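The lines below spell out each chain.
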Amino acid sequence: MADVLLFIVLIPLLAGLLILALPAQARGIIRAVGLVGALIPACFSFAAYLAFDKQTTDLQFPFTATWMSIANAYNMLTLHINFAFGVDGISMPLVVLVGVISTLTMIRSFKVTERVKSHYFWMLFLTMGLYGVFAAADLFTFFFFLESTLVASYLLIHIWGGEMRHYAATKFLIYRGLASVVLLAGLIGLAYAYATTAQVASSSVLIPNAPNFLTLSISQLLTEAKLIHIPAGTQNVLFLVFLLAVLMEEAFVPFHTWLPDAHEHSDTGTNMMIGGALMKIGLYVLLRFAVSLLPLGLAHYALWLAVFGVISILYGAIVAVASKDWRRLIAFSSISHMGLVLLAIGSMQEIGIQGAVFMLVSSGLLTALLFITVGAQADRTGTFKIENLGGLSKSLPVISGVMLVAALGSVGLPGLSGFISEFSLFVGGFAVFPTLSALATLGMIFAAFYLLWAMQRTTFGPVNTALPVMTDANAVEMVPMVILVALVVLIGVFPGVLGDVVHGTAQAIAARIGG
Amino acid sequence: MIGLTWLVPVLPLIAYVVLLATGKRMSEMAITAISVLAVLIGLIISIGVVAAVGQHGPYAPVVYNWLAFGQTTLTMGYQVTNLNAMMLLVVTLVSTLVFLFSKSYMHGDERFSRFYQYLNLFVFSMLGLVITSNLLELYIFWELVGVCSYLLVGFWYFKPEAAVAAKKAFIVTRIGDVGLFIGIILLYLGTGSFDFTVVFSHLHHFASAQASLGALGHDAITRLMNVQTWVTLTALLVFVGAVGKSAQFPLHVWLPDAMEGPTPVSALIHAATMVAAGVYLVARMFPLFEASSTASETVAIIGGVTAIFAASIGLTQRDIKRVIAYSTVSQLGYMMLAMGVGAYVSGMFHLMTHAFFKALLFLAAGSVIHALDTQDLFEMGGLRKYMPITHATFLAGALALSGIPPFAGFWSKDDILTATFDSGHYVLYAFGLIAAFFTAVYIFRVYFLTFSGTYKGSKHPHEGGWVMTLPLLVLGLLATFAGFINTPFAPILSRFLQPNGPVGIDPPANWGLMAVSAVVGLLGIGLAYSLYGGGKRADAWAKRMGFLYALSYNKWYIDELYALIIVLPVVTLAEGLQFFDRWIVDGLVRLIGEVGYTGGVSLKYSADGQIQTYGLVTAFGLAALALVALRIGGVL
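Computed from a predicted model, the values in this text were never measured in an experiment.

Reading guide: rules and limits
Residues numbered from 1 in each chain as written. Chains lettered and ligands numbered in written order. Predicted model: local features only at pLDDT ≥ 70, side-chain atom pairs only at ≥ 80, totals over all residues. Heavy atoms only, no water. Helix = DSSP H or I, 4+ residues; strand = E, 2+ residues; numbered from the N terminus. Rg over C-alpha atoms; globule rule 2.2 N^0.38 Å. Buried < 20%, exposed > 50% of the residue type's maximum accessible area, 1.4 Å probe, protein only. Contact = heavy atoms within 4.5 Å. Areas by Shrake-Rupley, 256 points an atom, 1.4 Å probe, with all protein chains shown as cover. Lys, Arg positive; Asp, Glu negative; His and termini not counted. Charge placed at Lys NZ, Arg CZ, Asp CG, Glu CD. pLDDT = per-residue confidence, 0-100. Phe/Tyr/Trp six-rings, centres within 6.5 Å; stacked < 30°, edge-to-face > 60°. Salt bridge = Lys/Arg side-chain N within 4 Å of Asp/Glu carboxyl O. Expected span 1.5 Å × (residues − 1). Arc of directions from axis to C-beta. Buried area = accessible area lost by both parts, 1.4 Å probe. Pairing = 2+ DSSP bridges. Axes fitted to C-alpha atoms, helices over the stretch in contact; angles between N-to-C directions. Parallel < 35°, antiparallel > 145°, perpendicular 65-115°, else oblique. Nonpolar A, V, L, I, M, F, W, Y, C, P; charged D, E, K, R; others polar. Left-handed = near helix turned anticlockwise from the far one by under 90°. Patch = residues over 30% accessible without salt bridge, like charges linked within 9 Å, V, L, I, M, F, W, Y side chains within 5 Å.

Chemist: How would you summarise the overall build of chain A if you had to cite specific residues and measurements?
Modeler: The helix and strand tally for chain A stands at 21 helices and two strands. Its C-alpha atoms give chain A a radius of gyration of 22 Å, near enough to 24 Å, the size a compact globule of 515 residues would have. The buried share of chain A, taken over its 515 residues, is 70%. Relative to all contacts within chain A whose residues are 6 or more apart in sequence, the contacts with residues 24 or more apart total 80%. Surface accessibility of chain A: about 15,100 Å² in total, with carbon and sulfur atoms responsible for 69%. Treating the 21 positive side-chain charges of chain A as one cloud and the 22 negative ones as another, the clouds have centres 8 Å apart.

This is the structure in C-alpha cells:
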C-alpha cells in the first residue's frame, strides 16, 4: 500500500508504452490495453481512498525517490530534486476523480476510429500526467506532470478535434503554457522564500528535517508553514504570481476565451478529460500552494478573489444564456461554477474550502456527464447547435434522461452532488462577503435559465423531422453514464463519503489561514 | 404509530424505486396497486400519528448525522409536531385519491409507469418536506418537489406549450427559492444551526436581548445589520421562497401555465399540496414572522393583493383549468393573508379545506376533460344529465369555494376574514370580501357553462368509472363536511394545532361578519346565474366592461410586462455580452496574437521545427523567470 501512488502514476505510462509496441491494426487489443491501463490505477486509487486515514492531516502514502541533488545550490544548502508522491484530504478525492474520468473516457473512446493507437497512447499519457499532478508531494514532480498534461491535451485537441482544432489547440497551448511559466516562477519563488525565512528563523525555531532548509517537498513546506511566516511583502508578491497563473489556468474572466474554443473544437473523450479532470488543476494549485503556504498573501488578496469570482460567475452564466453550441454552453457554465469556488476560497472559511473540493469533484463528474450525453446525441444528430435539435426525448429517451440529470445537477438540485457543493460554498461566501455573495446568487437563477432553456430546445418539443432515425445509447455510452449518475447521486445523498475525507484537511487549512 | 412516521415518506420512495426498476414491464393495474398501496398505508399511519399527537402533543426530533460542516454537523431527520401531523394527513389523503383517479385518467398513456414514478417521487418529497426537522432538509425537499413539478408539468414533453410551461415553472419558482436559500444561510450564520428548535430558541433569546448575532463568530453579518434588521430580512427572504412556491403576486405567473400538465397533477401538486408548501413554510417559521411586524405586514399585503388580483383574472378565462388555477392563486392569497395578520390556525384550516375542495374541483374538471377532450368552457354545457356524479361533486366543491354555509370553505374563509377585520386590517378585509364575491362569480360561471344549458359538443360524454367517481365522492363529502372540524361551536382543529398555548391570533366568531360573507357569496352566485345560467347576458356585460374586461382576460398583461422588462433585457444582455466576449475580449487576445505573429515572421526562420532549438529558447526563458523569482524570494 505504501507505494500505491507510484503505481497509480506509472501504470498508465507503462500501458501507453505497451500500446506503442503494438501494431496499429490491433485496435481491439489497443483498446483493451488502454482500458486496463486506466482501470487498474483507478482501482488502486479507490483502494487508497478506502484506506485513507481521516485522523491525520499529513500527506499519506508517501513515496520519495531522489532524482538528482545539487550541492551548494544556495547558501551552502543542497537542493534535492525528487519524484515524490503523497496525498491529503484535498488531493485524495481528486486522484479518485482522475481514476473515474480516465477509465470512463477510455470506454467512451472505443468509438474513436481515427488513429486509435496514438489516441490511446496520448489518453494514457494525459491520465498519467493528471495522476501525477494531484499525487505530487514535491514542487518539481508537480511541475513535471503539469507539463506532461499540457503536451498530451494539446495533441488530443490538435489531432482529434473538430473543424478549427488547430486554432483551438494552439490557443490552449499558449494560454496554459503561459500559465505554467508564471506558475513556475511562483513555485521557485516559494521554495526560495521558505528557504531564506527558515534559515533565518532556525536559530529560534526548531524545524524538523533541518538543517536542509532548501526544499521542494510539499509536506516539509507545509510543516514549515506552521512554524514560520515568510514576510508579508514577499507573500503578497508570490500570491499575486500564483493568482495570475490560476486565473489563466482555470480560465477565469478575462483570461477565459481559450476554454470555450478548446471545448467547442475537441472530441467528446478529450472534452471529458479536460472538463472532468484537467480543469480542476488551477483551483487545486490555488488551494495547495497559494492558500496553504501563503496565508498572509491570501488575506491580502481575499477581496480580489471574491471579486474575480463574482465576475466569472455572472459573466459565465450570462454568456451561457446566449450560447448557441452545447459545448460552449458547458464551457461557460463551468467558468461560472469555478467562479463560485474562487469566491468561497476568498472567504477563507473552513466550509468554503471543503465546499471547494466538493465542487471540484462534483463539477468534474457533471461536466464529464454533460459532455458524454451531448456528444452521444451529436454522434446521432450530427450537430451540437441547440437550435437544430428538438424532441430528442422521443427517439433517445435514455440519453435525454441522463442529460436532464446532468443539467439538473449543474443547476444545483439537491440529491445530486452539485447542491451540497454550491451550498457549502455559499455559506462560506455569505459569512464574509454577504453583498458579493448575494450578487452571486443571481448565477443560480441564470443557471436554471440557460440549462433548462437549452434542455427545452433539445429534448422537449415536437420531434424534429429534419433529424435522422436514431437508436438510443449503446453499451459504450451506457456504462460511463450509469457510473457517473450513480456517483453524482451517491455524493448528493451521502455527502459524508466525500466529506469525511476532506474535513480534516479543510480544517487544518482553515486553522492556518485563521478561518 | 409515532415510531413508524418515517415510513410515510419512505413508502412512496420504495414504490418509486420499484417502478423505476421494472419500467414498462408492469401492467397498469399493478403499477396503480403498488402506488395506491404505498400512500394508503401512509394514510393509515398518518391517522395514527394524528391521534398520538392529539393526545401527547409534539414529539422531539429524531435526527442522524449527515455531514461535518465547519464547526457544526449537518443532520437529517424528522419531527412530529401537531402542524406536521395535520399536513401528513392532508397530503396522504389527497394523494391516495389522486393516485386512484389517475389510473383511469392516464389509461393507455405510453409512459404510464413514468407518470406514477414521478408522482411517487413527488409524494415522497412532499412528505419529507412536511416532517423535516431542519431548514436545510426542508430546502432539499422544497427543491425536489419543484423538480417533480417540472417533470410532471412537462410530462407531455412533445407539446411545445408543456415544454415552455415546465421551464417557466422551474425558473420562476427558482427566483423565489434563491430568496429562501439566502434566508436559510443568513439564519444559519446568525444562529449557528439549521434546526427549527435551535433557531426558534435563538429568536427567543434575541427578543429578550440575551444573545447577539453571529453564533459562529462571523462578524460580516453583524457589521451589516442589527438583530431586528436581520430578523426582518431573513423573514422576508424566507417569504420570497413562499411567494414563489405558492404562486403569490408577483411570482404567480407560472401556476396558470403549469395547467399544461395532466389534470391529476394539477389537483395534487398545483392545488392541494406543493403550492400550499409556501403557506406551510410561513406557518412552520411562524416565530420568525411574529418577531418582525414589517415581515408579517408584507405577508398580509401580498396575500390580500394576490387574493383579489387572481380572482379578478379568474372571472374571464375560457379554459376551465385556468379558471381553477387562478382560483388556487387567489385562495393561497387568503392563506397568506391569514398568516400575515397572525391568524395561524385559520390559515392552516383554510389550507386543509382548500386542499379538499380544490382537489375536488380539479378532479371533477379532469373528469369533464376526460369525457369531452376539450378544456374550453364555451364548448361544454348541459353535462348535468350525462355526468350526474361529477356534477353533484363539482357543485359541492363550488359551494365550498364560494363560502356558502355549511360547506367547508365557509368556515375557514370566514375565520380568515374575521381575523383580518379584528386585527384592524380594514382595507385587506375589503379586498378579501371583494375577492370572495369574485370567487363565487367565477366558479359558478364555470358551473353554469359546464353543467347547465345544452351540450354543445359532439362526443358522447360519460362518467369515467369507479376509480374516477370514488375519489370525487370522497372529496365531495370532505368539501361538504370538513369545515365542522373547526366551527365556533367545536374548535377541534384550533385546539389540536395549539397544544402549548395560543399561537398568533384566533378571534371569536363574529356572527355579523359571517352573515356578510355568506351574503356576498350568494350575491356572486346570483350574478353568475343571471349572466351565464338563465340570463345569458354575458356578452353584453363583457362589452360594457370594455377595458376592464380586456385587463382581466389578458391577466393584467403581467406576462407581457415580464417579457418586456425582464426576459428581453436578459436575453439582450446575454447576446451583447456574447458579442463583447467574442469580438472585444477574445478580439484583444487575437490582436496580441497577431502582433506576436507579425513580429515572429521576421524570426520565423529560427522556428525550424527543431525541438532542440525550442528547448533551448524555453530553457533561457525559464532561466530568466527563475532569476525574477529568486529576486522576489529575496535570494539575489
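Chemist: Let's hear about the overall build of chain B: which residues, and what values?
Modeler: Within chain B one finds 27 helices and two strands. Judged by the C-alpha coordinates and their principal axes, chain B covers about 95 × 65 × 55 Å. Residue burial in chain B is summarised as follows: out of 636 residues, 61% are buried. Accessible surface for chain B amounts to roughly 23,600 Å². Of this, 69% is attributable to carbon and sulfur atoms. Here chain B contributes 32 positively and 30 negatively charged side chains, and the mean placements of these two sets differ by 6 Å.

Chemist: Please set out the confidence of the model for chain B residue by residue, giving values where relevant.
Modeler: For chain B, per-residue confidence averages 90 on the pLDDT scale, and residues scoring 70 or more make up 96% of the total. What the predictor reports for the complex is a pTM of 0.93 with an ipTM of 0.94.

Chemist: With reference to specific residues and values, describe the packing of aromatic side chains.
Modeler: Applying the stated rule across the entire model yields 64 aromatic pairs over all chains. Arranged with centres 6.3 Å apart and planes meeting at 40 degrees, the rings of Phe-140 of chain A and Phe-144 of chain A form a pair that is tilted. On the criterion of helical spacing, the pair formed by Phe-140 of chain A and Phe-144 of chain A is a turn pair, its members being four residues apart in helix 5 (residues 139-160). Using a relative accessible area of 23% as the deciding quantity, one classes Phe-140 of chain A as partly exposed. Aromatic pair Phe-124 of chain B and Phe-141 of chain B: ring centres 5.6 Å apart, planes at 80 degrees, arrangement edge-to-face. Note that Phe-124 of chain B is positioned in helix 4 (residues 112-131) and Phe-141 of chain B in helix 5 (residues 135-153), a separation of 17 residues in sequence.

Chemist: Which residues make up the pattern of salt bridges, and what values go with them?
Modeler: Between side chains of opposite charge, a pair can form when the charged atoms approach closely. According to the stated counting rule, one finds 21 salt bridges over all chains in the structure shown. Glu-249 of chain A is the partner of Arg-176 of chain A in a salt bridge, and the nearest nitrogen-oxygen pair spans 2.6 Å. Taken together, the residues Arg-176 of chain A in helix 6 (residues 165-201) and Glu-249 of chain A in helix 8 (residues 232-249) connect sequence positions 73 residues apart. By the burial criterion, Arg-176 of chain A is buried, and Glu-249 of chain A matches it. One salt bridge connects Arg-322 of chain B with Asp-257 of chain B, and the closest N-O pair in it is separated by 3.3 Å. Placement of the pair is Arg-322 of chain B in helix 15 (residues 320-341) and Asp-257 of chain B in helix 10 (residues 254-257), with a sequence separation of 65 residues. The two residues Arg-322 of chain B and Asp-257 of chain B agree in class, both being buried. Overlapping salt bridges, with partners in common, bring together Lys-171, Asp-261, Glu-264 and Arg-328 of chain A together with Asp-586 and Arg-590 of chain B in one network.

Chemist: Could you give an account of helix 7 (residues 196-207) of chain B, with specific residues and numbers?
Modeler: Residues and elements named next belong to chain B. Over its twelve residues, helix 7 extends 16 Å from the first C-alpha to the last, a length consistent with the 16 Å expected when each residue adds 1.5 Å. Those residues of helix 7 that fall on the buried side of the exposure criterion are Phe-196, Val-199, Phe-200, His-202, Leu-203 and Phe-206. All buried residues of helix 7 fall inside an arc of 160 degrees around its axis, so they share one side. In this fold, the buried residues of helix 7 make contact with helix 5, helix 6 (160-191), helix 9 (227-245), helix 12 (277-284) and helix 13 (286-290).

Chemist: With reference to specific residues and values, describe the confidence of the model for chain A.
Modeler: Here chain A shows a mean pLDDT of 92. Residues at 70 or above account for 98%. The lowest-confidence element of chain A is strand 1 (residues 60-74) of chain A, averaging 86 in pLDDT; the highest-confidence one is helix 3 (residues 91-108) of chain A, averaging 97.

Chemist: Quick one: what's the story with the interface of chain A and chain B, residue by residue and with numbers?
Modeler: Across the contact, 73 residues belong to chain A and 62 residues belong to chain B. Together chain A and chain B conceal approximately 5,800 Å² of surface at their shared face, both sides included; 76% is due to carbon and sulfur atoms. Considering only the surface of chain A that becomes buried against chain B, Phe-423, Phe-430 and Phe-460 of chain A emerge as the three largest contributors, covering 10% of it. At the boundary of chain A with chain B, the tally comes to three salt bridges.

Chemist: Describe in detail unusual backbone geometry, supporting the description with residues and values.
Modeler: Note the cis peptide between Val-253 of chain A and Pro-254 of chain A, where omega equals 5 degrees. In this structure, Pro-254 of chain A sits in the loop between helix 8 and helix 9 (258-264). Look at the link from Pro-405 of chain B to Pro-406 of chain B: it is a cis peptide, with omega at 5 degrees. In this structure, Asp-373 of chain B takes a positive phi of about 60 degrees despite not being glycine. A positive phi angle is found at Trp-556 of chain B, which is not glycine, with a value near 60 degrees. Secondary-structure assignment places Trp-556 of chain B in the loop between helix 25 (547-553) and helix 26 (558-602).

Chemist: I'd like a rundown of the pairing of strand 1 of chain A, residues and numbers included.
Modeler: Residues and elements named next belong to chain A. Relative to strand 2 (residues 77-87), strand 1 is paired through nine bridges, and the arrangement is antiparallel. In the strand pairing of strand 2, Ser-69 is matched with His-80. Between strand 1 and strand 2, which pair antiparallel one after the other, the connecting turn spans two residues, and Asn-75 there sits at a positive phi close to 50 degrees.

Chemist: Can you lay out helix 17 (residues 417-432) of chain A for me, pointing to particular residues and giving the numbers?
Modeler: In a regular helix each residue adds 1.5 Å, so 16 residues correspond to 22 Å; helix 17 of chain A covers 24 Å between its end C-alpha atoms and thus fits that length. With 15 of 16 residues buried, helix 17 of chain A lies mostly within the body of the structure.

Chemist: Describe in detail the packing of helix 4 of chain B against helix 11 (residues 263-272) of chain B, supporting the description with residues and values.
Modeler: Residues and elements named next belong to chain B. Taken N-terminus to C-terminus, the directions of helix 4 and helix 11 make an angle of 5 degrees; their axes are 12 Å apart at the nearest point. As the angle between them shows, helix 4 and helix 11 are arranged roughly parallel. When helix 4 is examined against helix 11, the residues Phe-115, Leu-119, Phe-122 and Val-123 are found in contact with a partner set consisting of Pro-264, Val-265, Leu-268 and Ile-269. Among the residues forming the contact of helix 4 with helix 11, the class breakdown is eight nonpolar, no polar and no charged.

Chemist: Which residues make up the packing of helix 6 of chain A against helix 8 of chain A, and what values do they have?
Modeler: Residue and element names in this part refer to chain A. Direction vectors running N to C along helix 6 and helix 8 enclose 155 degrees, while the axes themselves pass 8 Å from each other. Regarding the angle of helix 6 to helix 8, the classification is roughly antiparallel. Remark: the crossing between helix 6 and helix 8 carries left-handed chirality. Counting all contacts with helix 6, which are made through Tyr-175, Arg-176, Leu-178, Ala-179, Ser-180, Val-182, Leu-183, Gly-186, Leu-187, Gly-189, Leu-190 and Ala-193, the residues of helix 8 involved are Thr-234, Leu-238, Val-241, Phe-242, Leu-244, Ala-245, Met-248 and Glu-249. For the contact of helix 6 with helix 8, a count of residues per class yields 14 nonpolar, four polar and two charged.

Chemist: An account of a nonpolar patch on the surface is requested, with residue identities and associated values reported.
Modeler: All names here are of chain B. On the surface, a nonpolar cluster with roughly 630 Å² of combined accessible area is contributed by Met-1, Leu-4, Trp-6, Leu-37, Leu-40, Ile-41 and Ile-44. Residue position: Leu-4 is located in the segment before helix 1 (7-22). Residue classification places Leu-4 among the partly exposed residues on the basis of a relative accessible area of 37%.

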